[in-house]
Amino acid sequence: MTNRLAGKRALITAAGQGIGRASALAMAAEGAHVIATDVNEEALTALAGEGHDNIETFVLNAMDAESIKEGVARAKPDVLFNCAGFVHSNTVETCTEDEWDFAFNLNVRSQFRMIQAAIPGMLERGNGSIINMASACSSIIGAPNRFVYGTTKAAVLGLTKSVAIEYITRGIRCNAICPGTVESPSLHERLQATGDYEAAMKAFVARQPMGRIAKAEEIAALVVYLASDESGFTTGQHHIIDGGWSG
């Protein structure tokens with residue numbers, strides 16, 4: 001264990017699997033007190049079993065305003081990592097009103113609510129780092145069959161810049177992470193849903209110039225950097241980590 005995040009309290013949503021889980025473990029390894037939350041209690045139990053004394057877990061529903069208020073009040077975070085999100089497969093023609101509403105509620109509104117709840121405490125303490133999960137598929141690059149997903153992630157970039165500029169002189173930084181395709185349980189679920197897992201995986205790998213998809217731990221390393229004081233001069237930025245996909 002090193003101490004790049006010693007003394008910091010880091011709150012993570014969707015910490016039960018994928019990037020959220022990898023980030024919880026990475027931040028704990030760097031000395032943060034990690035508050036790992038998810039709607040999946042079983043996944044949190046597995047995370048707690050990893051043996052880190054500095055990881056605290058509890059259930060938080062990122063789509064429920066009261067759950068967010070209670071969770072943020074309990075966590076008192078210096079670092080907030082908004083990782084919760086969902087990937088719909090649709091086009092502008094096939095996207096339903098329900099899919100549009102769900103995507104914006106989870107991918108954007110949850111971040112708005114989490115930030116709104118966390119800001120007062122950060123202002124009181126005079127510092128804070130907010131990290132929002134966006135995507136290379138956003139206003140950066142378009143992807144087939146990702147209409148509402150890409151639209152919501154573009155909104156996250158706007159949200160990030162707006163928050164950053166409001167608090168730029170008050171000790172609070174806000175940045176976004178824009179990954180390409182990342183190895184995760186949810187990715188495998190989407191691939192299975194296509195009906196041809198192998199072909200779908202080959203297509204995902206083919207669009208990455210590096211010839212592979214990212215590891216969750218590679219994204220987590222960027223999360224640690226943005227959470228740490230090493231990134232103290234960085235705010236309002238979208239950090240692309242997509243293996244050259246958008247390059």
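Overview of the structure. (Residues numbered from 1 in each chain as written. Predicted model: local features only at pLDDT ≥ 70, side-chain atom pairs only at ≥ 80, totals over all residues. Heavy atoms only, no water.)

All right, on to the pattern of salt bridges then. Taken as a whole and assessed by the stated rule, the structure comprises eight salt bridges. One salt bridge in this structure joins Glu230 and Arg4, with 2.9 Å as the shortest N-O distance. Residue Glu230 is located in the loop between α8 (216-227) and β7 (238-241), and its partner Arg4 is located in the segment before β1 (9-12); the two are separated by 226 residues in the primary sequence. Exposure remark for Glu230: the relative accessible area of 48% places this residue in the partly exposed category. The exposure class of Arg4 is partly exposed, given its relative accessible area of 33%. One salt bridge connects Glu50 with Arg21, and the closest N-O pair in it is separated by 2.5 Å. Of this pair, Glu50 sits in the loop between α2 (41-48) and β3 (55-59) while Arg21 is found in helix α1 (residues 18-29), placing the two residues 29 residues apart along the sequence. Among the residues examined, Glu50 registers a relative accessible area of 40% and is labelled partly exposed. (Salt bridge = Lys/Arg side-chain N within 4 Å of Asp/Glu carboxyl O. Helix = DSSP H or I, 4+ residues; strand = E, 2+ residues; numbered from the N terminus. Buried < 20%, exposed > 50% of the residue type's maximum accessible area, 1.4 Å probe, protein only.)

Across the sheet, which stays open at both edges, the seven strands sit in the order β3-β2-β1-β4-β5-β6-β7 with parallel pairing between neighbours. Two strands lie at the open edges of the sheet, namely β3 and β7, each paired on one side alone. The sheet shows a mean angle of 20 degrees between the axes of neighbouring strands, taken without regard to direction. With five bridges connecting them, strand β2 (residues 33-38) and β3 associate as parallel partners. Residue Thr37 lies in a different strand from β3, and its bridge partner there is Phe58. (Pairing = 2+ DSSP bridges. Axes fitted to C-alpha atoms, helices over the stretch in contact; angles between N-to-C directions.)

The biggest cluster of nonpolar side chains holds 32 residues, and the ones touching the most others in it are Ile12, Ile19, Met27, Val34, Ala36, Phe81 and Ile131. Counting only elements with at least two residues in this core, the list comes to β1, α1, β2, α2, β4 (79-82), β5 (128-133) and α8. The element that contributes the greatest number of residues to this core is α8, accounting for eight residues. In contact with Ile19, not counting residues within four places along its chain, are Phe81, Cys83, Met133, Pro179, Val182, Ala216 and Ile219. (Core = buried A, V, L, I, M, F, W, Y, C linked by side-chain atoms within 4.5 Å. Contact = heavy atoms within 4.5 Å.)

Applying the stated rule across the entire model yields three aromatic pairs. Each ring, one from Phe86 and one from Phe102, has its centre 5.6 Å from the other, and the planes form 85 degrees; the classification is edge-to-face. Remark: Phe102 occurs in helix α4 (residues 97-125) and Phe86 occurs in the loop between β4 and α4; sequence separation between them is 16 residues. The exposure class of Phe86 is partly exposed, given its relative accessible area of 39%. (Phe/Tyr/Trp six-rings, centres within 6.5 Å; stacked < 30°, edge-to-face > 60°.)

Moving on, we come to the pairing of strand β6 (residues 172-179). Here is the key point about a regular strand: its side chains alternate between the two faces of the sheet. Of all eight residues that make up β6, eight are buried, and the element is covered over most of its length. Judged by which residues are buried, β6 turns out to be covered on both faces: Ile172, Cys174, Ala176 and Cys178 on one side and Arg173, Asn175, Ile177 and Pro179 on the other are all buried. Pairing of β5 with β6, which is carried by six bridges, proceeds in the parallel orientation. Residue pairing across strands places Ile130 opposite Cys174, the latter belonging to β6.

Residues of helix α3 (residues 65-75) that are buried: Ser67, Ile68, Gly71, Val72 and Ala75. The arc that holds every buried residue of α3, seen down its axis, measures 120 degrees, which confines them to one face. When the buried face of α3 is taken as reference, the exposed residues oriented beyond 90 degrees from it are Lys69 and Glu70. Along its buried surface, α3 packs onto β1, β2, β3 and α4. Structurally, the start of α3 carries an N-cap: the backbone nitrogen of Glu66 is 3.3 Å from a side-chain oxygen of Asp64. Looking one or two places after α3, you find Lys76, whose phi comes out positive at around 50 degrees. (Arc of directions from axis to C-beta. Polar contact = N/O pair within 3.5 Å; in protein donor to acceptor, adjacent residues only side chain to side chain.)

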